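Remarks on the overall topology
Listed below are the residues making up each chain.
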Amino acid sequence: MDKPNSTKLEIVVPAFRMHSQSFKNALDGISEESALHRIDNVTNHVVWMAGNLVNCRYWLADLLGLEVKDPNGILFHEGRALDESLQYPSLEELKRNFAEVSPQVYQKLLQVTDEHLDSPYDFGMGIPFVKENVLNMIGMCIGREDYLLGQIGLMRKLLGLKGMSYDLDESLNY
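No experiment lies behind these values; they were computed from the predicted model shown.

This part covers the overall build of the protein. For the protein, the helix and strand inventory stands at seven helices and zero strands. When the elements of the protein are put in sequence order from the N terminus, they spell out α-α-α-α-α-α-α. Against the compact-globule benchmark of 16 Å for 174 residues, the protein has a radius of gyration of 16 Å, which places it among compact chains. Along the first, second and third principal axes, the C-alpha set of the protein runs to 45 × 40 × 30 Å.

This paragraph deals with helix α1 (residues 12–27). The α-helix winds at 3.6 residues per turn, so residues separated by three or four positions along the chain end up facing the same way. In this model, α1 (16 residues) spans 22 Å end to end at C-alpha, consistent with the 22 Å of a helix rising 1.5 Å per residue. Within α1 the residues assigned to the buried category are Val12, Val13, Phe16, His19, Ser20, Gln21, Ser22, Phe23, Asn25, Ala26 and Leu27. In the segment just after α1, glycine 29 is the residue with positive phi, at about 85 degrees.

The next thing to look at is a nonpolar patch on the surface. Residues Met18, Tyr166 and Leu168 make up a contiguous nonpolar surface patch of about 340 Å² in total accessible area. Looking at the secondary structure, you find methionine 18 in helix α1.

End to end, helix α3 (residues 46–63) covers 26 Å across 18 residues, agreeing with the expected 26 Å (1.5 Å per residue, within 8%). Among the residues trailing α3, glycine 65 stands out with phi positive, at a value near 90 degrees.

Angle between the axes and distance between the axes: these two values describe a pair of packed helices. One way to put it is that α3 packs onto helix α7 (residues 134–158) with a least axis distance of 9 Å and a crossing angle of 165 degrees. Judged on the interaxial angle alone, α7 and α3 are roughly antiparallel. Handedness of the α3/α7 crossing: left-handed. Residue-level contacts link Val46, Trp48, Met49, Ala50, Asn52, Leu53, Cys56, Arg57, Trp59, Leu60 and Leu63 of α3 to Val134, Met137, Ile138, Cys141, Arg144, Glu145, Leu148, Leu149, Gln151, Ile152 and Met155 of α7. Residue composition of the contact of α3 with α7, grouped by class: 17 nonpolar, two polar and three charged.

In this structure, Val105, Leu109 and Ile138 are the most contacted members of the largest nonpolar core, which totals 53 residues. Sequence-distant contacts of valine 105, defined by excluding residues within four places in its chain, comprise Phe16, Arg57, Leu60, Ala61, Leu64 and Leu66.

Moving on to the packing of aromatic side chains. If you walk through the whole model with that rule in mind, you get four aromatic pairs. With centroids separated by 5.7 Å and ring planes inclined at 45 degrees, the aromatic side chains of phenylalanine 76 and tyrosine 88 adopt a geometry described as tilted. One end of the pair, phenylalanine 76, is in helix α4 (residues 73–76); the other, tyrosine 88, is in the loop between α4 and α5 (91–111), and twelve residues separate them in sequence. With a relative accessible area of 0%, phenylalanine 76 lands in the buried category. You can call tyrosine 88 buried: its relative accessible area is 10%. Aromatic side chains tyrosine 121 and phenylalanine 123 sit 6.4 Å apart centroid to centroid with 55 degrees between the ring planes, which places their arrangement in the tilted category. In this structure, arginine 57 is placed above the aromatic ring of phenylalanine 16, and the distance from its NZ or CZ to the ring centre is 3.6 Å.

What counts, and where the lines are drawn
- Residues numbered from 1 in each chain as written.
- Predicted model: local features only at pLDDT ≥ 70, side-chain atom pairs only at ≥ 80, totals over all residues.
- Heavy atoms only, no water.
- Helix = DSSP H or I, 4+ residues; strand = E, 2+ residues; numbered from the N terminus.
- Rg over C-alpha atoms; globule rule 2.2 N^0.38 Å.
- Expected span 1.5 Å × (residues − 1).
- Buried < 20%, exposed > 50% of the residue type's maximum accessible area, 1.4 Å probe, protein only.
- Patch = residues over 30% accessible without salt bridge, like charges linked within 9 Å, V, L, I, M, F, W, Y side chains within 5 Å.
- Areas by Shrake-Rupley, 256 points an atom, 1.4 Å probe, with all protein chains shown as cover.
- Salt bridge = Lys/Arg side-chain N within 4 Å of Asp/Glu carboxyl O.
- Axes fitted to C-alpha atoms, helices over the stretch in contact; angles between N-to-C directions.
- Parallel < 35°, antiparallel > 145°, perpendicular 65-115°, else oblique.
- Left-handed = near helix turned anticlockwise from the far one by under 90°.
- Contact = heavy atoms within 4.5 Å.
- Nonpolar A, V, L, I, M, F, W, Y, C, P; charged D, E, K, R; others polar.
- Core = buried A, V, L, I, M, F, W, Y, C linked by side-chain atoms within 4.5 Å.
- Phe/Tyr/Trp six-rings, centres within 6.5 Å; stacked < 30°, edge-to-face > 60°.
- Lys NZ or Arg CZ within 6 Å of the ring centre and 35° of its normal.

Purely geometric stuff here, so don't read any function into it on its own.
Have a look at this one:
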């Protein structure tokens, strides 16, 4: 297992890698048509959920100093609400975006210094018990990914698919 430069990320790195596996597994077998289905017109669709998860990866990239931009960022910035009047990318496009940015973020997670992790980062949330710094924002992104993967897992069942597997793709190394 890869060891991060900062011991502060020893729980983040495995979670990041597990989320990469889970993203692949959660979307397995979901068709493009099903990915746009909303249950009783009250749920978000899987494309919106997956797009927000990909956007989290680009947010992490930005936090870590990578100069890459989410090509669909305007649709998903800061968890923007689903807007059915907008054209969303395909699930395949989102999978490609995820596969492009995730290895870059992973390498930066391994290399980042404690000094960078401790640097201030304004969340704009005003939570008195959360220090607003890069490390805690990374934690919030990982938490958001957990939430979105759970949502996709539930949607799988609502779409009539079997539950998400936890099989590992050994070739996925990020």
